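What follows is each chain in one-letter form.
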Amino acid sequence: MASTLPAKDHSILIVGAGVFGLSTALHVAQDGYTNITVLDREPVPSPYSAGNDLNKIIRAEYEDPFYTTLALDAIKEWETPFWSNFYRPTGYLLTTSLNAPQKARDTIKKSFSSIRDHPSFQSGSFSAVDNANDIKGYLPMLEGQMDGWSGYLNRYAGYARAAKALEYAAQRCLELGVKFFTGDDGYAVEILFESADEGKKVCVGVKTANGDIHKAAHTILSLGAHIGTLLPEISQQVTAKSWAVAHLQLSPEEAAVMKGCPVVNCRDLGFFFEPDEDTGLIKLSANGAGYTNNITASEAHASLPTASNDGIPTEDEDLIKRLIQQTMPQFSGKELVKKFICWCADTPDSNYIIDRVPGTMGLLVVAGDSGHGFKMLPVAGKWVKKALEDGEQIIERWRWKDKKSGSDNISWRVGKVKDIKEVEFSSLKSHI
């Protein structure tokens, strides 16, 4: 397809104000596009966005060096004055525990191989940890036994204050003239098409829950795990999956002791961050293959997010409790609070999808974050802008797939995928 560069005053409609949507709006606005509208059901940070969270890991370890390069590009942006207020370069401890499956150990080896000799990492960026004493030498705030733990510490990594970064991105978009519609006026319920001579449908915008029509020359769908509700045909390549999140509330004195702790990620248990500097909350998440919510209707099969995200599966709560007991037993009497499941848009090969929808004109999708999208907030929008301006996706791995390729056995995740309706949930509050 020959590139037809959009005029700077062409109307661009972005449906979804999460990570990919806000990054896209920011990049096209910074490039001089003047007629940009963003829709979302809720104001930023939207509860429907996986990025609406206390924090997200920023790291460059990947089994696939392609994404290592992109992540390093993103980290450089996180370090600039534009984004640095929301980046905390605490470092990143990646380990397995005593009884970790071989798959988890192999994942660490593959991830480390992608960065070990990379020229972007300065000498001294990494330290091997072969036991608990090694870990405590670098992370003295961890008091647990951590029997059989081993892995490495990456000092060129950390985390982002996620929700605050999204709010900042939205504010910068507003300053650049981007228009936002939320509530029923931002809740897209139907994609609008007209016929074209070439036999393709021309997308002319969307209809929202209140009946309003938002027309545009170019419509970009960036709805994360919810994209299948508006574009069902993408469900063959994008699966909504969820993971458990919980928090510990620390006192100011307890938070001071844990301040500066690198992100700790035990591949067969879960991960956690230093306490949030405003609230004293430690966020924890269980590692696993994820939970689907499979729905069959009109011969179509899809996994879509549940209506409520409150609570977490009991088996994941058990993983989180084990993680706390092995690393921070001093908090063993504390309550787990703010428990919820976080929905992501998973693809079988963990590749993003940034492409035109086949058989249409004027409709672009940005999907498939696959649990590794947030770190790309500063850079993802430029990839979308390129696809928009090129008129096609030239990177094969990011193209629309006509059929599902791969399986639910994601190489870098442990465990088995389960349907959320078939697992037991814990109470909203529970003690360790």
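Up top is the structure.
Residues numbered from 1 in each chain as written. Predicted model: local features only at pLDDT ≥ 70, side-chain atom pairs only at ≥ 80, totals over all residues. Heavy atoms only, no water.

Within the chain, the secondary structure is distributed over nine helices and 26 strands. Taken over the C-alpha trace, the chain has a radius of gyration of 22 Å; the compact-globule value for 432 residues is 22 Å, and the two agree within 12%. Taking the principal axes of its C-alpha atoms as reference, the chain extends roughly 70 × 45 × 40 Å. Surface summary for the chain: the accessible area is close to 17700 Å², and the carbon and sulfur share equals 50%. Considering the chain, the positive charge centre built from 45 side chains and the negative charge centre built from 54 side chains are found 3 Å apart. (Helix = DSSP H or I, 4+ residues; strand = E, 2+ residues; numbered from the N terminus. Rg over C-alpha atoms; globule rule 2.2 N^0.38 Å. Areas by Shrake-Rupley, 256 points an atom, 1.4 Å probe, with all protein chains shown as cover. Lys, Arg positive; Asp, Glu negative; His and termini not counted. Charge placed at Lys NZ, Arg CZ, Asp CG, Glu CD.)

Our focus in this paragraph is the packing of helix H1 (residues 19-30) against helix H9 (residues 380-390). Running from N to C, H1 and H9 point in directions that differ by 70°, and their axes come no closer than 7 Å. As summarised for this structure, H1 and H9 are arranged roughly perpendicular, according to the angle between their axes. In the packing of H1 onto H9, the handedness of the crossing is right-handed. Of the residues in H9, those in contact with Phe 20, Ser 23, Thr 24, His 27 and Val 28 of H1 are Ala 380, Gly 381, Lys 382, Val 384 and Lys 385. Its residues assigned to classes, the contact of H1 with H9 shows four nonpolar, four polar and two charged. (Axes fitted to C-alpha atoms, helices over the stretch in contact; angles between N-to-C directions. Parallel < 35°, antiparallel > 145°, perpendicular 65-115°, else oblique. Left-handed = near helix turned anticlockwise from the far one by under 90°. Contact = heavy atoms within 4.5 Å. Nonpolar A, V, L, I, M, F, W, Y, C, P; charged D, E, K, R; others polar.)

Across its 14 residues, helix H2 (residues 65-78) extends 20 Å between first and last C-alpha, which sits within 8% of the 20 Å expected from 1.5 Å per residue. Every buried residue of H2 is accounted for by Tyr 67, Thr 68, Leu 70, Ala 71, Leu 72, Ala 74, Ile 75 and Trp 78. (Expected span 1.5 Å × (residues − 1). Buried < 20%, exposed > 50% of the residue type's maximum accessible area, 1.4 Å probe, protein only.)

This part covers the sheet that holds strand E9 (residues 179-181). The mixed open sheet is built from six strands, whose spatial order is E9-E2-E1-E13-E24-E22. Since the sheet does not close on itself, it has two edges, and those belong to E9 and strand E22 (353-356), each with one partner. Averaged over all neighbouring strand pairs, the angle between strand axes comes to 15°, with direction disregarded. Contacts from H1 reach strand E1 (12-15), strand E2 (36-39), E9, strand E13 (218-221) and strand E24 (363-367), with the element oriented near 170° to E2. Contacts from H9 reach E1, E13, E22 and E24, with the element oriented near 20° to E22. (Pairing = 2+ DSSP bridges.)

Among the nonpolar cores identified, the biggest contains 64 residues, and Trp 78, Tyr 352, Phe 374, Met 376 and Trp 383 are the most heavily contacted of them. If near-sequence neighbours (up to four positions away) are discounted, Phe 374 is found in contact with Val 19, Gly 51, Lys 56, Trp 78, Ala 160, Ala 162, Ala 165 and Leu 166. In terms of nonpolar packing, the next biggest core, distinct from the first, is built from 39 residues, Leu 142, Tyr 291, Met 328 and Leu 336 among them. (Core = buried A, V, L, I, M, F, W, Y, C linked by side-chain atoms within 4.5 Å.)

Backbone geometry follows two general trends: most residues other than glycine have a negative phi, and most peptide bonds adopt the trans configuration. With an omega of 0°, the peptide bond between Val 44 and Pro 45 qualifies as cis. By secondary structure assignment, the location of Pro 45 is in the loop between E2 and strand E3 (56-58). Unusually for a residue other than glycine, Ser 370 sits at a positive phi of about 55°. On the secondary structure map, Ser 370 appears in the loop between E24 and H9.

A word on the environment of Gly 183. With respect to the helices, strands and loops of the structure, Gly 183 is situated in the loop between E9 and strand E10 (188-195). Excluding residues that lie within four positions of it along the chain, Gly 183 makes contacts with Asp 40, Arg 41 and Glu 42.

What follows concerns the sheet that holds strand E8 (residues 158-160). Overall, antiparallel pairing links the three strands, which are arranged E3-E8-E4 in an open sheet. Single-partner strands in this sheet number two, and they are E3 and strand E4 (87-88). In this structure, E4 lies alongside E8, joined through two bridges in antiparallel fashion. Each bridged residue has a counterpart across the sheet, and for Tyr 87 the counterpart in E8 is Ala 160.

Moving on, we come to the side chain of Thr 107. By secondary structure assignment, the location of Thr 107 is in helix H3 (residues 102-115). Assessed through its relative accessible area of 6%, Thr 107 is described here as buried. With sequence-adjacent residues up to four places away left out, Thr 107 is seen in contact with Glu 63, Arg 267, Ser 411 and Trp 412.

The analysis is restricted to geometry; functional conclusions fall outside its scope.
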